[in-house]
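Descriptive analysis of the structure
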Amino acid sequence: MRIGELARRTGVSQRLLRYYEEQGLLTPQRLPSGYRVYTDSDVLRVAHIRSLLAAGLSTDTIAEVLPCMGVDGERLIASICPELVDELLVERARIAASIQALQEAQSALDTIITARPAASSTAAPAPAGSP
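One structure accompanies this document, and this report is about it. Each chain has its residues counted from 1, running along the sequence as written. The predicted origin of the model limits local features to residues at a pLDDT of at least 70 and limits the giving and counting of side-chain atom pairs to 80 or more, whereas totals for whole chains, interfaces and linings rest on all residues. Note: side-chain values were computed over all heavy atoms of the structure, leaving out hydrogens and water.

Here's the deal with the overall build of the chain
The helix and strand labels rest on DSSP assignments: H or I over at least four residues marks a helix, E over at least two residues marks a strand, and numbering proceeds from the N terminus. On a plain count of helices and strands, the chain comes out with five helices and four strands. Seen in sequence order, the chain has helices and strands lined up from the N terminus as α-α-β-β-α-α-β-β-α. Summary of the burial criterion: residues with accessible area below 20% of their type's maximum are buried, those above 50% are exposed, and those between are partly exposed, where the area comes from a 1.4 Å probe applied to protein chains only. Split into buried and exposed, the 131 residues of the chain put 23% on the buried side. In the chain, once contacts between residues fewer than 6 apart in sequence are set aside, the share between residues at least 24 apart is 43%. Counting only carbon and sulfur atoms, one obtains 56% of the accessible surface of the chain, whose full area is about 9100 Å². Whether two residues are in contact is decided by their heavy atoms: any pair within 4.5 Å suffices. Here the Shrake-Rupley method, with its probe set to 1.4 Å, supplies the accessible areas, and only the displayed protein chains count as covering residues.

Right, here's the structure in full:
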């Protein structure tokens, strides 16, 4: 199938599919005319790439871990390379730290939002130079 058909079947734009190819995540065959040719397995591969992106992994990390991922039906499983689990745990820790930082920022913002000035201090300040 051509790139337009893959885009239609996956819901991913042609531009993004080309980006996945640039990142080494997809490797379509090329016709002598230069057209990309994809297989049905590329549809599933794009779904796996999207799942890993949704899990917070960068395309660089996905390029490293995707060859080590096994498949159980359509679901990805970390089973082929033993070091894969360690790398995924590092990524999970990075995401957890980011979540913690965002929660702290949210809490600080909540404190600012809920802080209300005292009733006597709500009056407008006197203009400069007035008694």
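Notes on the nonpolar core
If you look at the biggest cluster of nonpolar residues, it comprises 22 residues, and the most contacted ones within it are Leu6, Leu17, Tyr20, Leu26, Val46 and Leu52. Of all the secondary-structure elements, those providing two or more residues to this core are helix H1 (3-10), helix H2 (14-22), helix H3 (40-54) and helix H4 (59-65). Sort the elements by how many residues they give to this core and H3 lands first, with four residues. Look past the residues within four positions of Tyr20 in its chain and what remains in contact with it is Val12, Leu25, Leu26, Val46, Ile49, Arg50 and Leu53. Grouping buried Ala, Val, Leu, Ile, Met, Phe, Trp, Tyr and Cys residues that are joined through side-chain atoms within 4.5 Å yields what is termed a nonpolar core.

Thoughts on the pattern of salt bridges
A pair is scored as a salt bridge if a Lys or Arg side-chain nitrogen falls within 4 Å of a carboxyl oxygen belonging to Asp or Glu. If you walk through the whole model with that rule in mind, you get five salt bridges. In this structure, Asp40 and Arg9 form a salt bridge, with 2.9 Å as the shortest nitrogen-oxygen distance. Taken together, the positions of Asp40 in helix H3 and Arg9 in helix H1 put the pair 31 residues apart, joining distant regions of the chain. By relative accessible area, Asp40 is classed as exposed at 55%. Of the residues examined, Arg9 reaches a relative accessible area of 38% and is grouped as partly exposed. Between Arg94 and Glu91 there is a salt bridge, with its nearest N and O atoms 3.0 Å apart. With Arg94 and Glu91 both in helix H5 (residues 82-114) and three residues apart, the pair spans about one turn of that helix. Under the relative-accessibility criterion, Arg94 is labelled partly exposed at 40%. Shared partners join several salt bridges into a network, and the residues in it are Glu21, Arg30 and Arg36.

Digging into the packing of aromatic side chains
For this analysis, a ring pair means two rings from Phe, Tyr or Trp (six-membered ring only for Trp) whose centres lie within 6.5 Å, classed as stacked if their planes differ by under 30 degrees, edge-to-face if by over 60, and tilted for the remaining angles. Inspection of the entire model under this criterion finds one aromatic pair. Ring centres of Tyr19 and Tyr20 lie 6.5 Å apart, and the angle between their planes is 55°; on these two criteria the pair is classed as tilted. What makes Tyr19 partly exposed here is its relative accessible area of 32%. Exposure remark for Tyr20: the relative accessible area of 1% places this residue in the buried category. Working rule: Lys NZ or Arg CZ, within 6 Å of ring centre, within 35 degrees of ring normal, means a charge sits over the ring. Here the basic side chain of Arg2 rests over the ring of Tyr35, its NZ or CZ set 4.1 Å away from the ring centre.

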